[in-house]
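Structure at a glance
In case you want the letters, here they are:
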Amino acid sequence: MVEENAIVQLKKLSKRFDQDQDVLSDIDLEVKEGEFISFVGPSGCGKSTLLRMLAGLTSVSEGALLIDGATPTEPRDDLYLVFQEANLLPWARVRENVELPMKLQGKPKITRQAVADAIVELVGLQDAADRFPRQLSGGMKMRVSIARALSVSPRILLLDEPFGALDAITRNQLNEDLLKIREKDPFTAFFVTHSVAEAVFLSTRIVVLESNPGRIADIIDVPHSYPRTVEFRESPEYFDLLARTSKSLRQQKGESE
Amino acid sequence: MKRPYFFIKHLFWPTLTVIGVGMIGGCGKQENTQGSSLTKIVFQTDWYPQPEHGGFYQALVEGYYEEEGLEVEILPGGPNTVSAEKVALGQVQFAMGKTNDIMMYISRGVPLVMVGALLQHDPQALLYHQENPINDFRDLDGKRIMVGPGSAFIDLIREKYQIDFDIIPLDYSIAQYLLDKTFIQQCYITSEPYFARKQGANPGALLIKESGFDPYHVWYARTDYALSNPEIMEAFSRASIKGWKNYLFGDANRANQLLKSLNPKLDDEFIRYSINAMIEYNLVTGSTKDPEMIGHIDPARIEREIDQLIKLGLLSTQLKAENIIHQSSLNHPTP
Amino acid sequence: MLAGEIIKHNKTGSLSEEQADNIRRVILPYPTEIWQATVQERSNLFPAAYNTLKAAIIGFLSAIGIGLGLAILLSSSKALKRSLYPWILVIQTIPIIILAPIIAIWLKQGAHSVAVVSFLISFFPIVANTTMGLTSTDKNLLELFAVSKASMLQEILFLRFPYALPHFLSGVKIAAVLAPIGAIAGDIFVGTSAGGQGGIGFLAILYKGDVNTPALYACAALACLMGFLFVGLVNYVQWLLLHNWHESSLDGEA
């Protein structure tokens, strides 16, 4: 699954808004196809901004952002973003929400329905397919949001703290499910989170950012192979990585305070 | 269980609100006229202050009312004045109106009585362009005219001349008339022709009274009030009639100054026109041109008007002139 | 309060009970008297109500159509909004009593002008509310559409319109109240009796002249009924469109 050539390259990437200080500064990162990159860091380190730049929602101030070796000039079809909030259309049923990106891409209804059925089942929402968002729990809403992103089979999936508002049990469940989905439908992931545990469990690499300005402070490899199960979460390796990442993160916070 | 809940949810608060507002309204006003030896009188007119009300303003500024022991407040009207209702409720003591309108109220059982006439003849007319003259009411056949809907003369003219015409509601303006040479509308002979000419039109007017429908314009009061206060009726009439005599034939300067200050649309030239029209058409004095006839109401003419209205179906009750004209007016000399 | 005042005067003055009751009927008729008048005058009332209803429906539908169109126009560009909105506001702020003669001069009096007054009185809330709805689309959802590479048209059709729908409908509901009022006001100011085109407003003037107060109240009742009918219809449509998802229509449900 891992290929040699990088799918995403960030070269001396900087971002500033107006004349203010840099939000992000000199970010250098090469990501290979199939990787799962997590960004952790104190508030204001620019991790969400980084994700938005990858999504094309905000421009690059300095440096280069390359996807498949080229600067993207227009929005890409093979990239999708999962937002912090579930961000569902309140007037549309679960199935219609999942179909939305395909609908916007102009795919025929039959294709849309077939894909949506499969994905709704993949995220375990087959019984809720005809419900409206207001009838769903927070965790279910987030599943819909992920299903929606997966409906276009993206090569790159950006996830901006998708599970931040969920309780710990739901969050663990969704972490495991996300990896299972990824086994069936592989994508390269960029994942922003506040949870070190989540980052360790999911990622191939954890990028620790410092703030003011946002820079890469540390990169921690998680060599454990996929599929990862609950046993990984209970292994000494997991706790060791957890400790290392937490320490690195604590140092960043200490320096910035 | 559903039903009482429905009541509480949907009807309880509206009901309570209605009761509440009613109570607040009920605690409203209290009048206090103590501290003056003059009797307080409120007189409701039918329009903005204008020369057609000149006699009353003359009596007011020249102190004729005070001489009679009355403290009179003149309440100007407008397009939506409700006069008879105010008289009926005792909110005003006198109001002015056309006899046919007042008789309509009386026929509905509202106890009103006519006290004196300010206009012996109806100044209402149809305003047309000389380019499209209306020489006779028959010329109205098939036309469209702007009048106050429900005006008694509409039915009378249709009936009498066996014609039909469409009506559009009066908007109290001559704007449409000025733009359309074929436009016909209701007017006061004392007013609109002047403004039409000023605006460059070549107006003509056909007096409604030529059709045989010619109500008085009178001041009236509530019957029980008039009967129990004959001296107030007499006093108000004496002062008002004196006001009219002097307004038309004496020095009306101060009254006109007052009118102008109350109604900015008035100027000296228009007031002169209006007064001349009232004199020329014998509106206040009647056809005898005798100033002594000012204020007089002729019972025989009222009887004729009653018959006329009944024949047209505009009046359902056979009224008696002597019951609806106050004694103080009948005391005047008959011609 | 009115009835109380009559009784008060009855005490101090010398009105007979019958006279007081007659005055009461002219000022404030009993519901039974209004009902009797409605039955008595039905051959006048119902054709007039039909004329008013027709004008109100035309005015209301034009208000929806033109109001929606204007809202789309206004929300599409800030410059357009800045240059157009004041004029719409001007039309709305001129009292109909002043606007009516102007309409009569331009369009001549008649049933069509009555519909125009109904339209003029009712279109503004639709413009204001819908513009508000179209320009207050959730920023996150707009980003979702941006990430999804939606076209401008898709964004309007699948996001901005549905998002503005509750706003639009609340504007429509206000218009539903105003349209019959406009039709009746229009009737009074720019109506005509030609070809039996007179409506409730026209009739009300006639009843006022006839001192037929119970029938006048019947006119008022018919006007109310019409307003309720319009609002009821809009409420139903609103429920159909929103009950699945919008807070405003989630009635008593957990």
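Positions within a chain are numbered from 1, following the residues in the order the chain's sequence is written. Chains and ligands are labelled by the order in which they are written, letters from A for the one and numbers from 1 for the other. Local features in this predicted model are restricted to residues whose pLDDT is 70 or higher, and side-chain atom pairs enter the listing and the counts only when it is 80 or higher, whereas totals over whole chains, interfaces and linings include all residues. The basis for every side-chain value is the complete set of non-hydrogen atoms in the structure, without hydrogens or water.

1. Here we look at the domain arrangement of chain B
Residues and elements named next belong to chain B. One can read the domain layout of chain B as domain 1 (39-121 + 215-330) and domain 2 (124-211). Listed by partner, the interface residues are 22 residues for domain 1 and 16 residues for domain 2. Each of two parts loses accessible area, computed with a 1.4 Å probe, when they are put together; buried area is these two losses added. The junction of domain 1 with domain 2 conceals about 1,700 Å² of combined surface from both sides, 67% of it contributed by carbon and sulfur atoms. By the criterion of area lost to domain 2, the three top residues of domain 1 are Phe-270, Tyr-273 and Leu-312, representing 29% of everything that side buries. In the sections that follow, a salt bridge refers to a side-chain nitrogen of Lys or Arg positioned within 4 Å of a carboxyl oxygen of Asp or Glu. The interface formed by domain 1 and domain 2 contains 1 salt bridge. Glu-269 serves as the salt-bridge partner of Lys-198, at 3.4 Å between the closest nitrogen and oxygen. Here the term charged refers only to Asp, Glu, Lys and Arg, the term nonpolar to Ala, Val, Leu, Ile, Met, Phe, Trp, Tyr, Cys and Pro, and the term polar to all other amino acids, Gly among them. Its residues assigned to classes, the side of domain 1 that touches domain 2 comprises 11 nonpolar, 5 polar and 6 charged. Domain delimitation follows an automatic or database domain assignment. The contact criterion used is simple: two residues touch if any of their non-hydrogen atoms lie within 4.5 Å.

2. Considerations on the pattern of salt bridges
Charged atoms that come close allow side chains of opposite charge to pair. All told, the structure shown has 35 salt bridges over all chains when counted by the stated rule. Note that Arg143(A) is salt-bridged to Asp177(A), the shortest N-O span being 2.9 Å. Linking Arg143(A) in helix α4 (residues 138-150) with Asp177(A) in helix α5 (residues 168-184), this pair joins segments that are 34 residues apart in sequence. Neither Arg143(A) nor Asp177(A) differs from the other in exposure class; each is buried. Two residues, Asp21(C) and Arg25(C), come together in a salt bridge whose shortest N-O distance is 3.7 Å. Taken together, the positions of Asp21(C) and Arg25(C), both in helix α2 (residues 17-27) and 4 residues apart, correspond to about one turn of that helix. Buried means the residue's accessible area, taken with a 1.4 Å probe over protein chains only, is under 20% of the maximum for its type, while exposed means over 50%, and partly exposed covers the values in between. Overall, the relative accessible area of 26% leaves Arg25(C) in the partly exposed class. Several salt bridges converge on common partners, so that one network encompasses Glu33(A), Asp68(A), Asp78(A) and Arg155(A). Strands are runs of DSSP state E lasting at least two residues, helices are runs of H or I lasting at least four, and both sets are numbered from the N terminus onward.

3. Section: the interface of chain C and chain A
Contacts between chain C and chain A engage 20 residues on the former and 22 residues on the latter. Both faces considered, chain C and chain A share a buried interface measuring about 2,100 Å² in area, 65% of it formed by carbon and sulfur atoms. In terms of surface lost to chain A, no three residues of chain C exceed Val147(C), Lys149(C) and Trp245(C), which account for 30% of the buried area on that side. Where chain C touches chain A, the interface holds 1 salt bridge. Across the pair Glu143(C) and Arg52(A) runs a salt bridge whose closest N-O atoms are separated by 2.7 Å. Definition of a polar contact: a pair of N or O atoms within 3.5 Å, with one able to donate and the other able to accept a hydrogen when the atoms are protein atoms, and with sequence-neighbouring residues admitted only if both atoms are side-chain atoms. Viewed at the interface, chain A and chain C are joined by 6 residue pairs in polar contact (both at pLDDT 80 or more). Broken down by secondary-structure element, the contributors of at least two residues to the side of chain C that touches chain A are α8 (139-147) and α9 (152-190) of chain C. Broken down by element, the side of chain C that touches chain A gets its largest block of residues, 7 residues, from α8(C). Looking at the side of chain C that touches chain A, its residues break down into 12 nonpolar, 5 polar and 3 charged.

4. A word on the interface of chain C and chain B
With 36 residues of chain C at the interface, the matching set in chain B holds 33 residues. It is Ile105(C), Gln109(C) and Val211(C) in chain C that bury the most area against chain B; as a group they hold 18% of the surface buried on that side. Along the contact surface separating chain C from chain B lie 0 salt bridges. The tally of links from chain C across to chain B stands at 7 residue pairs in polar contact (both at pLDDT 80 or more). When residues of the side of chain C that touches chain B are traced back to their parent elements, those giving at least two are α1 (2-12), α2, α6 (96-107), α9 and α10 (200-209) of chain C. Element by element, the count of residues in the side of chain C that touches chain B is highest for α2(C), at 6 residues. Residue composition of the side of chain C that touches chain B, grouped by class: 17 nonpolar, 12 polar and 7 charged.

5. Here's the deal with the sheet that holds strand β10 (residues 217-222) of chain B
Through backbone hydrogen bonds, the strands of a sheet pair up, either in parallel or in antiparallel fashion. All names here are of chain B. Note on pairing: DSSP must find at least two bridges between two strands before they are called paired. Taken together, 5 strands build an open sheet; the order of strands is β2-β1-β3-β10-β4 and the sheet is mixed. A strand with exactly one partner marks an edge of an open sheet, and here the two such strands are β2 (70-75) and β4 (112-119). Within the sheet, the average angular offset between the axes of one strand and its neighbour, ignoring direction, is 30°. Judged from the 6 bridges that link them, strand β1 (residues 39-44) and β2 form a sheet pairing that is parallel. Paired with Val-42 across the strands is Glu-73, a residue of β2. Axes, fitted as lines to C-alpha atoms, cover a helix only where it is in contact. Angles between the N-to-C directions of the axes lie from 0 to 180 degrees. Sitting on the sheet, helix α2 (residues 54-61) is in contact with β1, β2, β3 (94-98), β4 and β10, with an inclination near 140° to β2.

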